[in-house]
Amino acid sequence: MFRREGESLRVRPAWPFSLEKQEMKKIVLTLGAISAFAVAQANAQTVVTDADGNGTYSMEELLVAFPELTEEVFKAADTDADGALSADELKAAQDAGNIPA
Ligand SMILES: [Ca+2]
Ligand SMILES: [Ca+2]
């Protein structure tokens, strides 16, 4: 019934353990990298810089944060048609899903 000599010779106790530790380290490092990336992504997507400090976001300023933004979307978001987006107009467009948040 006990024919396990061959098996126990193949399975050496030391290396599966150290492999596991290495794997754990890799997983922990990967998770850390993913969450750091997620935080960077979240910040990059929400920050629009009012580069000229006039309190509103021009098409040019929005293009820095959202390179895919089209003039059509910009004009639709500019509800008072003053040629720039206020913080409220930007938020409304983001809430509506027209501009990525
Ligand atoms: Ca501005
Ligand atoms: Ca406006």
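Everything in this summary refers to the structure shown in the same document. (Residues numbered from 1 in each chain as written. Chains lettered and ligands numbered in written order. Predicted model: local features only at pLDDT ≥ 70, side-chain atom pairs only at ≥ 80, totals over all residues. Heavy atoms only, no water.)

**Overview of the environment of Ser-58**
For the record, the criterion: Labels follow the DSSP assignment, with helices taken as runs of H or I lasting at least four residues and strands as runs of E lasting at least two, numbered in each case from the N terminus. Residue contacts are defined here by distance: any two heavy atoms, one from each residue, within 4.5 Å place the two residues in contact.
Residue placement: Ser-58 occurs in the loop between helix H2 (14-46) and helix H3 (59-65). Through-space distance from the C-alpha of Ser-58 to that of Gly-83 is 7.0 Å; in sequence the pair is 25 residues apart. When residues no more than four places from it in sequence are discounted, the contact partners of Ser-58 are Phe-74 and Ala-84.

**So, the side chain of Glu-61**
For the record, the criterion: In this scheme, a residue with accessible area under 20% of its type's maximum is buried, one over 50% is exposed, and one in between is partly exposed, where area comes from a 1.4 Å probe on protein chains only. Only four residue types enter the charge count: Lys and Arg as positive, Asp and Glu as negative, with His and the chain ends excluded. Here, a salt bridge means any side-chain nitrogen of Lys or Arg that lies within 4 Å of a carboxyl oxygen of Asp or Glu. The term polar contact refers here to a pair of N or O atoms within 3.5 Å; inside protein, the definition further demands a hydrogen-donor-capable atom paired with an acceptor-capable atom, and it admits residues adjacent in sequence only when both atoms are side-chain atoms.
Note that Glu-61 resides in helix H3. Lacking a salt bridge, the buried Glu-61 has Lys-75 as its closest oppositely charged neighbour, with an N-O distance of 17 Å. In terms of polar contacts, Glu-61 uses its side chain to reach the backbone amide nitrogen of Asp-52, at 3.1 Å. Filtering out sequence-adjacent residues up to four positions away, Glu-61 remains in contact with Val-48, Thr-49, Asp-50, Ala-51, Asp-52 and Thr-56.

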